[in-house]
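What follows is each chain in one-letter form.
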Amino acid sequence: MPRGGVRGSGWGHRLSNALKTTVLLAGLTALLLFVGERLGGPQGLVVAGFFVVVMNFGSYWFSDRIALAMHGARPLEYAEAPWLHQMVERLAARAGMPKPKLYLLPTRTPNAFATGRNPEHAAVAVTAGIVDILDQRELEGVLAHELAHVKNRDTLIGTVAATLAGVISYAAQMIFWFGGSLLGRGDDEEGGLAHTLGNLGVLLVAPIAATLLQLAVSRSREYGADATGAELCGDPDALASALMKLERGAELMPYDRAPATSHLFIVNPLSGGAIMGLFSTHPPIPERVRRLREMSASMGSRTWRRAWA
């Protein structure tokens, strides 16, 4: 593909991802309403809906500032790394979007993430360690991936999914400790032991189901950002190489300052074995690399898009 512009990832791919995300977010919403109903009947539904509206309102308007503050990020001035700013400017122009603000995270763990509710209010943050292990070609691939998240509105989707999952987990704990008494729904309404066992089941199942749905949203978005980012920079091999280096860097220097935001990063910053990998917010790096290699091998044709459906 010529490096002068981005053709887009194909309407079929975008439609497929939009449908998957809609279904998954609808599943999270339905699960939350179920937990709310279990907690307090019709009143519980109203309370659950209220929590969703309030928390998503705050997440929509302030998610970027909250995420950056949690990691102690500071603005990266132009004079500190003019070449990096120029790289982001070039990629943003190619993507047809404003240049996002650049931030620096004070950690040697190599990683990066994007945040913000839309391209006009976006920020890209890189760690101090990422420039130590990636060459400029690989770093351009990483930045293209992050700009793809912004362009595809993934940062907003991820925030909504994380918020819904958090509310579900909190509500499930309230059911276990207080039953329906907080909202005027007593145990005798459901029948003693059966009601208690039902609450225990909700406590165990609801957070796991919410987490799995959230992970499905995050993993789908990562594949899409890999595809869009590789097309944006015109070099899938560079992004594939960067992913392998970043995975190794995260294994050697795990970063757990704010685990709740791990889904934002290009590779999972947390350490974990095979079991934890099942609950990772990111798809396996070998699979992401395989898809990128396939994309590179067929970059001259349009058939590569099928690998990302």
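Everything numeric here is computed off the predicted structure, so don't read it as measured data. In every chain, residue numbers begin from 1 and rise along the written sequence. Where local features are concerned, this predicted model is filtered to residues with pLDDT of at least 70; where side-chain atom pairs are given and counted, the filter is 80 or more; whole-chain, interface and lining totals use all residues. By convention in this description, side-chain values take in all heavy atoms of the structure and omit both hydrogens and water.

Enquirer: I'd like a description of the pairing of strand S2 (residues 101-105), backed by residues and values.
Expert: Per-residue accessibility, obtained with a 1.4 Å probe over protein chains only, is compared with the maximum for each type, and a residue is labelled buried under 20%, exposed over 50%, and partly exposed between these values. A helix here means a DSSP run of H or I that spans at least four residues, while a strand means a run of E at least two residues long, and both kinds are numbered starting from the N terminus. For S2, the buried fraction is high: four of the five residues fall into the buried class. Two strands qualify as a pair provided that DSSP identifies no fewer than 2 bridges between them. As paired strands, strand S1 (residues 74-75) and S2 are joined by two bridges and run antiparallel to one another. Within S2, the position partnered with Arg74 by the bridge is Leu104. Pairing of S2 with strand S4 (residues 122-127) involves five bridges; the strand directions are parallel. Counterpart to Tyr103 in the pairing with S4 is Ala125.

Enquirer: Hey, could you go over the sheet that holds S2 for me, with residue numbers and the actual values?
Expert: Taken in spatial order, the four strands make up an open sheet running S1-S2-S4-S3, and their pairing is mixed. The sheet terminates laterally at S1 and strand S3 (112-116), the two strands that pair on one side only.

Enquirer: I'd love a proper account of the environment of Arg90, names of residues and values included.
Expert: Tracing the backbone shows Arg90 in helix H2 (residues 82-95). Between the C-alpha atom of Arg90 and that of Cys233, which follows or precedes it by 143 residues, the distance is 9.6 Å.

Enquirer: I'd like to hear about the packing of helix H4 (residues 136-151) against helix H7 (residues 236-252), residue by residue, with values.
Expert: Fitted lines through C-alpha atoms serve as axes, helices being fitted only where they are in contact, and the angles separating the N-to-C directions of these axes extend from 0 to 180 degrees. Packing of H4 against H7 leaves a shortest axis separation of 8 Å and a crossing angle of 90°. Accordingly, the angle class assigned to the pair H4 and H7 is roughly perpendicular. Note on element contacts: H7 touches H4 through Asp237, Ala238, Leu239, Ser241, Ala242, Lys245 and Leu246, opposite Arg137, Glu138, Gly141, Val142 and His145. Gly falls in the polar group here, along with every residue not listed as nonpolar (Ala, Val, Leu, Ile, Met, Phe, Trp, Tyr, Cys, Pro) or charged (Asp, Glu, Lys, Arg). Here the residues of the contact of H4 with H7 sort into five nonpolar, three polar and four charged. Put simply, angles under 35 degrees are roughly parallel, angles over 145 are roughly antiparallel, angles from 65 to 115 are roughly perpendicular, and the rest are oblique. In what follows, a contact means two residues having at least one pair of non-hydrogen atoms within 4.5 Å.

Enquirer: Tell me about the environment of Leu104, and name the residues and values.
Expert: Residue placement: Leu104 occurs in strand S2. Of the residues examined, Leu104 reaches a relative accessible area of 18% and is grouped as buried. Distance in space between the C-alpha atoms of Leu104 and Arg74 is 5.4 Å, their sequence separation being 30 residues. Residues within four places of Leu104 in sequence aside, it is in contact with Gly72, Ala73, Arg74, Leu76, Val126, Thr127 and Ala128.

Enquirer: Help me get a handle on the packing of aromatic side chains, residues and values and all.
Expert: Each pair of aromatic rings taken from Phe, Tyr and Trp, with Trp reduced to its six-membered ring, is defined by centres within 6.5 Å and is described as stacked if the planes are under 30 degrees apart, edge-to-face if over 60, and tilted in the remaining cases. This structure, assessed with the given rule, holds two aromatic pairs. Taken together, a centroid distance of 5.0 Å and an interplanar angle of 70° make the contact between Phe113 and Phe265 edge-to-face. In this pair, Phe113 sits in strand S3 while Phe265 sits in the loop between H7 and helix H8 (274-277), placing the two residues 152 residues apart along the sequence. Like Phe265, Phe113 is buried. Considering the side-chain rings of Tyr255 and Phe265, the 6.1 Å spacing of their centres and the 70° angle between planes classify their relative orientation as edge-to-face. In this pair, Tyr255 sits in the loop between H7 and H8 while Phe265 sits in the loop between H7 and H8, placing the two residues ten residues apart along the sequence. For the pair shown, Tyr255 and Phe265 are each scored as buried. Counting every residue linked through ring pairs, the aromatic cluster contains Phe113, Tyr255 and Phe265. The ring of Tyr223 has Arg291 lying over it, and the distance from NZ or CZ to the ring centre is 3.8 Å. Throughout this description, the term charge over a ring refers to an Arg CZ or Lys NZ atom that lies within 6 Å of the ring centre and within 35 degrees of the ring normal.

Enquirer: Lay out the nonpolar core in plain terms, naming residues and giving numbers.
Expert: Grouped together as the largest cluster of nonpolar side chains are 40 residues, with contacts concentrated most on Leu84, Leu91, Ile130, Val142, Leu143, Leu147 and Leu243. Those elements that provide at least two residues to this core are H2, S2, S3, S4, H4, helix H6 (193-233), H7 and helix H9 (285-297). When neighbours within four sequence positions are excluded, Leu243 is seen to be in contact with Asp226, Ile266, Val267, Ile285, Arg288, Val289 and Leu292. Listed in part, the eleven residues of the second largest apolar core include Ala67, Leu68, Leu105 and Leu264. Buried residues of nine kinds, namely Ala, Val, Leu, Ile, Met, Phe, Trp, Tyr and Cys, make up a nonpolar core once their side-chain atoms join them within 4.5 Å.

Enquirer: I'd love a proper account of the pairing of S4, names of residues and values included.
Expert: The buried count for S4 comes to six of six residues, which makes it a mostly enclosed element. Here S4 shows no split at all, with Ala122, Val124 and Val126 on one side and Ala123, Ala125 and Thr127 on the other all buried. Pairing geometry for S3 and S4, over five bridges, is antiparallel. Looking at S4, one finds that Phe113 is bridged to Ala125.

Enquirer: So what about the confidence of the model for the chain? Which residues, and what values?
Expert: For every residue, the predictor assigns a confidence score, pLDDT, that lies between 0 and 100. Per-chain confidence: the chain averages 77 in pLDDT, with 61% of residues scoring 70 or above. For residues 1-10, every residue scores under 50 in pLDDT, and the model assigns this stretch 25 contacts once sequence neighbours within four places are set aside. In the model, residues 180-190 has pLDDT below 50 throughout and makes 20 contacts with residues more than four positions away in sequence or in other chains.

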